[in-house]
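Observations on the three-dimensional arrangement
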Protein chains: 2
Amino acid sequence: MTTPPDAATSANQGAAPVCNVALLGFGTVGSSVAKILCERSNTHLSLSHVLNRNVARKKVDWLPSSVQWTENIDDVLSSNADIVVEVMGGLQPAEDWIRRALQSGKSVVTANKQLIARCGPELTSLARQRKQQIEFGASVAGGVPVISGLHQGLAGDELFKICGILNGTCNYILSQIELNNVPFATALREAQKLGFAEADPTEDIEGLDARAKLAILARVGLHCNVRVEDILARSIAAIDAVDFEYANQLGCTIRQISWAELKPESKPDLLLAAVQPALVELSSPLARVEGSKNLVVATGTYGGETVFGGHGAGGHPTAVAVVSDILAIARSKQAAITDLGQPSEKTPTVTADFTTRHYLRFLVKDRPGIIASLATILSDCGINIDAVVQKPGCPKSHLPFLITLEECPAALVDQALRQINALDFLVQPCLHLPIL
Amino acid sequence: MTTPPDAATSANQGAAPVCNVALLGFGTVGSSVAKILCERSNTHLSLSHVLNRNVARKKVDWLPSSVQWTENIDDVLSSNADIVVEVMGGLQPAEDWIRRALQSGKSVVTANKQLIARCGPELTSLARQRKQQIEFGASVAGGVPVISGLHQGLAGDELFKICGILNGTCNYILSQIELNNVPFATALREAQKLGFAEADPTEDIEGLDARAKLAILARVGLHCNVRVEDILARSIAAIDAVDFEYANQLGCTIRQISWAELKPESKPDLLLAAVQPALVELSSPLARVEGSKNLVVATGTYGGETVFGGHGAGGHPTAVAVVSDILAIARSKQAAITDLGQPSEKTPTVTADFTTRHYLRFLVKDRPGIIASLATILSDCGINIDAVVQKPGCPKSHLPFLITLEECPAALVDQALRQINALDFLVQPCLHLPIL
């Protein structure tokens, strides 16, 4: 950590030293990490290096000129970078470089699931020896903060089951077979065309991608050291449109489910674990995961089921996880009690004047002209009626009916209601709810 | 932090010092925290004190005899407790005691939403002055790790919207009005009878409980310092069964929604915030929150929507959040790189032999006797057929049909399938999926 030039000479004792970040890989995730680091204010983080093959081709003009662009890992390792961020992917040279970074006394953030699934414990213990940290929150479920959730937020529980949808490509393809009633091959081609599946989709389709993620979750959440290859992975390629018809008849849909479960009472030395297409009940949150999103359900002895969901892939969501890990390391380098990386607090004016559609439910003594009176007041306030609905069979003396309003500020509706609630045909004040 | 007796004399250099925990309040949450602390192995946490009014009445035999039971806060403050856990509730004496604990150089964990919503920033800054921590993960959404999720997992994003269902009582009551078509008053009475609502339900029904939680989320996630009283809170008491009928006609349901949103472009100095009953689309995750569960959706500039869901109340889930906070403080007192509080890692045997119901989909050249052949093999393996389903209108030469099996181990099904897949009427191998 280096002290920023102005802090050294100023009386600004609160200024935290700058934490230098080197980025290995400047693809979708890497450039998104750089973007967030540049756009965030007040982070005390400084991007010092960008490493990429053919780096000249990668240079962008929106990064500060202080950033050193390089193809040579030694430039990074011999520098004053505090945190090395590996977002190149692939097992090599990523593994070597991470080892060398840790050995050089730098902490590491990586999004590399295959590497962490294979060498996580070893790299973590190397980091410990060197009094550094390695964080890999982006390696599972992209922007969904499930690693920190299991490691910290649910640390007080004893988790025994983790299941989820960890591969957005499979989820997208299965959703498409279901929605469009098309064969697997057609859904795959479509996903490839739209960029939701890679040219070689093997890793995704065969469950190898999700299997690496499940191994990481089993380690972090269930404290089980698992070899990736020991987890069964079954392809989704055999699923056909007819299977969704049958599944629906059973009140289910089909999803690629990653499941790891301990049964400490009956099978203390076993971990049940697999990645496979499976039928899940339509009422389950797993059945409702849309498109390429991810969802993880963790079940614990004390806290029951906890759900984490969100965007499991993509440059920006994955970069959020990477930057969160960078901040976590920067904070712990600074001791936990500082405010490093926290944007400064605002004290805004608070208002409930949401602009939404609105639901107005009246209870009236029926008589002619009610709608006309209401419509006049609303119109005078500049509010447009969307619909008037009245369910049949209600008593004339207590007649409930509904007016929905087009989008407008709540304050405008409150103004109209002050007049409306004085009208003598109302049995009770109008019920006003926003439609979100 | 004190060194455990055996570690002082042994060569066990890896042993972390014990962290002493004092518990203020031994009600539902407090006793659950004590239970988890006692049942967890390997935590390096030791319960040193339990404070409660009429403490004699509270004593239990399942806590170690080393625990000091007291009614006197000075016993705790003058002790070697490292972390003081406040789970008494109420503004006073909780606030005084937390201040005094911080001033005595102890860190604090609290589940007290009203206190944190009101004095959070002040207490945090007092903690900082004293180089201590105050954690309040249990103050919002009980066991759902949303505070740590916002503060750490999503720290890399710039969040601008947080909305959610933060009060299980209201969610339960509204669900009951909807499901049973009963008036509000009936649903409330039922909830009180079942323990889902308190004798005086004002805090919940009027939105005051959720409002305090929303103020905390706005601070942690949106970095907005908000006075609780400035947030609009509207009662759910005016909602009637007829409103669910109308809402359903609009493709919606009604939930108590807590919403805080920044619009930095159009309204830079405003925070839109309210707790109120609102119509939400049936397809929204907010519409699907069951019973007394909680759900929070955080939306960020980079990561999009992230969902956190789970049990928002109850002794055990809330205690999980408290213990997670205790562990976070213990870890940071120990420097982040130790393993404190992490259960030791297992290396279990991995198996995919889940016991579930099973889905077997066949594609056959139709001829008489197919079901009989399959049924014989399954029965010989000791597997019970649940149902046979065949959709009409398929060609005889490529006839898909389905057999579902009663719950049995996957390995048994695999054994049967080895025989079945050799049968000559199969056009392709049987598709076998578990029904989860």
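No experiment lies behind these values; they were computed from the predicted model shown.

1. Focus: the overall build of chain A
Within chain A, the regular secondary structure consists of 15 helices and 17 strands. A compact globule built from 436 residues should have a C-alpha radius of gyration of about 22 Å, whereas chain A, at 28 Å, is more than 25% larger. Each principal axis of the C-alpha distribution contributes one length, and for chain A these read about 85 × 65 × 50 Å. Here chain A holds 436 residues, and 49% of them are scored as buried. Sequence-distant contacts in chain A: of pairs separated by 6 or more residues, those separated by 24 or more amount to 70%.

2. Considerations on the interface of chain A and chain B
Counting residues at the interface gives 91 residues for chain A, matched by 91 residues for chain B. The residue makeup of the side of chain A that touches chain B, split by class, is 52 nonpolar, 27 polar and 12 charged. Sheet topology places strand β13 (residues 349-351) of chain A next to strand β10 (residues 267-281) of chain B; three bridges connect them, and they run parallel. The residue of β10(B) that forms the bridge with Val350(A) is Leu271(B).

3. Points about unusual backbone geometry
All names here are of chain A. The omega torsion across Gln92 and Pro93 is 5°, close enough to zero to call that bond cis. By the secondary structure assignment, Pro93 is in the loop between β4 (83-86) and α5 (94-103). Backbone geometry places Asn181, a non-glycine residue, at a positive phi of 55°. With respect to the helices and strands, the residue Asn181 is situated in the loop between α8 (168-180) and α9 (184-193). Despite not being glycine, His223 shows a phi value in the positive range, around 55°. Take His223: it is sitting in the loop between α11 (208-222) and β8 (232-233).

4. A word on the pairing of β10(B)
Residue and element names in this part refer to chain B. Judged from the two bridges that link them, strand β8 (residues 232-233) and β10 form a sheet pairing that is parallel. Each residue of the ladder has a partner; that of Leu232, found in β10, is Ala274. Alignment of strand β9 (residues 252-263) against β10, held across 12 bridges, turns out to be antiparallel. By the bridge assignment for β10, Cys252 is matched with Glu281. Taking the residues that link successive antiparallel strands as the turn, the β9-β10 hairpin has three residues.

5. Concerning the domain arrangement of chain A
Residue and element names in this part refer to chain A. Assigned domains of chain A: these are domain 1 (5-142), domain 2 (146-312) and domain 3 (355-435). Each of domain 1 and domain 2 has a C-alpha centre, and these two points are 30 Å apart. Tallied by class, the residues present in the side of domain 1 that touches domain 2 amount to six nonpolar, five polar and two charged.

6. Topic: helix α8 (residues 168-180) of chain B
Residue and element names in this part refer to chain B. An ideal rise of 1.5 Å per residue puts 18 Å on 13 residues; α8 measures up with 18 Å between its terminal C-alpha atoms. Among the 13 residues of α8, 11 are classified as buried, and the element is accordingly described as predominantly covered. For α8, every residue scored as buried is listed here: Gly168, Thr169, Cys170, Asn171, Tyr172, Ile173, Leu174, Ser175, Gln176, Ile177 and Glu178. Looking at the buried positions of α8, the neighbouring elements they touch are β7 (159-165), α9 (184-193), α10 (202-205), α12 (241-249), β9 and β11 (293-300). One or two residues past the end of α8 sits Asn181, with phi positive at roughly 55°.

7. Description of the sheet that holds β4(A)
Residue and element names in this part refer to chain A. What the six strands build is an open sheet, ordered β3-β2-β1-β4-β5-β6; its pairing is parallel. Both outer strands of the open sheet, β3 (68-70) and β6 (134-135), are each paired with one neighbouring strand and no more. One ladder, built from four bridges, connects strand β1 (residues 19-24) with β4; its direction is parallel. Bridging from a neighbouring strand, Leu24 pairs with Glu86 of β4. On the sheet, helix α13 (residues 315-333) packs against β1, β2 (45-51), β4, β5 (107-110) and β6 and is oriented at approximately 160° with respect to β5.

8. A word on the relation of the copies chain A and chain B
For these two chains of identical sequence, chain A goes onto chain B by a turn of 180° and a shift of 0.0 Å along the axis, with RMSD 0.1 Å. Expressed as an axis order, the relation between the two copies is that of a two-fold axis. The position closest to the rotation axis in chain A is occupied by the C-alpha of Phe308(A), lying 2.5 Å away. Same-surface contact between copies: 100% of interface residues of chain A are shared with the interface of chain B.

9. As for the sheet that holds strand β2 (residues 45-51) of chain B
Residues and elements named next belong to chain B. Taken together, six strands build an open sheet; the order of strands is β3-β2-β1-β4-β5-β6 and the sheet is parallel. At either end of the open sheet lies a strand with only one pairing partner, and these are β3 (68-70) and β6 (134-135). Two strands pair when backbone bridges link them, and strand β4 (residues 83-86) and strand β5 (residues 107-110) are joined in this way by four bridges, in the parallel orientation. Bridge pairing in β5 places Glu86 opposite Thr110. Its contacts with the sheet put helix α13 (residues 315-333) on β1 (19-24), β2, β4, β5 and β6, and the angle it makes with β5 is roughly 160°.

10. Thoughts on the packing of helix α5 (residues 94-103) of chain B against helix α6 (residues 113-129) of chain B
A pair of packed helices can be characterised by two numbers: the angle between their axes and the separation between those axes. All names here are of chain B. Look at α5 against α6: their axes get within 10 Å of each other, and the N-to-C directions meet at 15°. One element, α5, and the other, α6, form an angle in the roughly parallel class. Handedness of the α5/α6 crossing: right-handed. Side by side, α5 and α6 meet where Ala94, Glu95, Ile98, Arg99 and Leu102 of the first sit next to Leu115, Cys119, Leu123, Leu126 and Ala127 of the second.

11. Quick word on the confidence of the model for chain A
Looking at chain A as a whole, its pLDDT mean stands at 92, while 94% of the residues score no less than 70. ipTM for the predicted complex: 0.92, alongside a pTM of 0.92.

Definitions and limits used
- Each chain carries its own residue numbering, running from 1 in the written order of its sequence.
- Going through the entries in the order they are written, you letter the chains from A and number the ligands from 1.
- Restriction of local features to residues with pLDDT of at least 70 applies here, the model being predicted, together with a cutoff of 80 or more for giving and counting side-chain atom pairs; totals for whole chains, interfaces and linings are based on all residues.
- Numbering goes from the N terminus for both helices and strands, where a helix is a DSSP run of H or I of at least four residues and a strand is a run of E of at least two.
- The globule rule used here is 2.2 Å times the number of residues to the 0.38 power, and the radius of gyration it is set against is calculated over C-alpha atoms.
- Labels follow a simple rule on C-beta atoms placed from the backbone: if 20 or more others lie within 10 Å of a residue's own, it is buried; if 12 or fewer, it is exposed; otherwise it is partly exposed.
- Remark: residues whose backbone-derived C-beta atoms lie within 7 Å of one another are considered to be in contact.
- By the convention adopted, Pro, Cys, Tyr, Trp, Phe, Met, Ile, Leu, Val and Ala count as nonpolar, Lys, Arg, Asp and Glu as charged, and the other residues, Gly among them, as polar.
- Strand pairing is assigned whenever DSSP detects at least two bridges linking the two strands.
- Start and end positions for the domains come from either an automated domain assignment or a database one.
- For a helix, the expected span equals 1.5 Å multiplied by the residue count minus one.
- In this analysis an axis means a line fitted to C-alpha atoms, helices contributing only their contacting stretch, and an angle means the value between N-to-C directions, from 0 to 180 degrees.
- Least squares is used to superpose the copies, and the fit set is the C-alpha atoms of residues whose pLDDT is at least 70 in both copies.
- Angles below 35 degrees are treated as roughly parallel, those above 145 as roughly antiparallel, those between 65 and 115 as roughly perpendicular, and all remaining angles as oblique.
- Each crossing gets its handedness from the near helix: less than a right angle anticlockwise from the far helix is left-handed, clockwise is right-handed.
- A residue's pLDDT is simply how confident the predictor is in it, with values from 0 to 100.

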